[in-house]
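What follows is the residue order along each chain.
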Amino acid sequence: QVQLVESGGGLVQAGGSLRLSCAASGRSISTYRMGWFRQAPGKEREVVGRVSRIGYITYYADAVKGRFTISRDNVKNTLYLQMNSLKPEDTAVYYCAASTGSGLEPAAYDYWGQGTQVTVSS
């Protein structure tokens, strides 16, 4: 029942930074395990990372470890993805999602945003 809207995507040079936001409405994100996913052209959607309901358990895909940081602000009802040291291979549509379960795969997530495009130039 939660609605999610991503924003903050755009074009950035390799090595640059970008912060994505996922604004939620309808329900508090404190109810959900939240995740970020991405889908590159011709590729399946893959997990970027996820954070627990209170933000102390965080998972990141190996490809983004040390560069991306997920955080949540339950007061603002917003999920963030801070993306640093961006690489061209990070180019994708990025989605936030909410889950009442525990799985890592996209299928485990019940609610999705519309996605925001991130393009990294070399």
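All of these numbers come straight from a predicted model, not from anything done at the bench.

Caption draft 1: Spatial organisation of the environment of Ile70. Tracing the chain through its elements places Ile70 in strand β7 (residues 68-73). For the pair Ile70 and Thr58, spaced twelve residues apart in sequence, the C-alpha separation works out to 7.6 Å. Look past the residues within four positions of Ile70 in its chain and what remains in contact with it is Trp36, Gly49, Arg50, Val51, Tyr59, Tyr60, Leu79, Tyr80 and Leu81.

Caption draft 2: Local environment of a nonpolar patch on the surface. A cluster of nonpolar side chains, namely Ile54, Tyr56 and Ile57, defines an oily patch on the protein surface of about 380 Å² accessible area. Tracing the backbone shows Tyr56 in the loop between β5 (46-51) and β6 (58-60).

Caption draft 3: Seen up close, the environment of Ser85. Relative to the elements of secondary structure, Ser85 occurs in the loop between β8 (78-83) and β9 (92-99). Here the alpha-carbon distance between Ser85 and Gln39, two residues 46 residues apart in the chain, equals 19 Å. If we ignore the near neighbours within four places in the chain, the residues touching Ser85 are Gly15, Gly16, Ser17, Arg67 and Asp90.

Reading the values: the criteria
All residue numbers here refer to positions counted from 1 along the written sequence of the relevant chain. It should be noted that, the model being predicted, local features are given only for residues of pLDDT at least 70 and side-chain atom pairs only at 80 or more, the latter also being counted only at that level, while totals for whole chains, interfaces and linings use all residues. Heavy atoms throughout the structure, all of them, feed into the side-chain values; hydrogens and water do not. Strands here are runs of E lasting at least two residues and helices are runs of H or I lasting at least four, both read from the DSSP assignment and numbered beginning at the N terminus. Throughout, a contact is declared for two residues whenever any of their heavy atoms are within 4.5 Å. Patch construction takes residues with relative accessible area above 30% that form no salt bridge. Like charges are linked within 9 Å, and nonpolar side chains (Val, Leu, Ile, Met, Phe, Trp, Tyr) are linked within 5 Å. Throughout, the Shrake-Rupley method with a 1.4 Å probe supplies accessible areas, and for residues the shown protein chains are the sole cover considered. Salt bridges are defined by distance alone: a side-chain nitrogen of Lys or Arg within 4 Å of a carboxyl oxygen of Asp or Glu.

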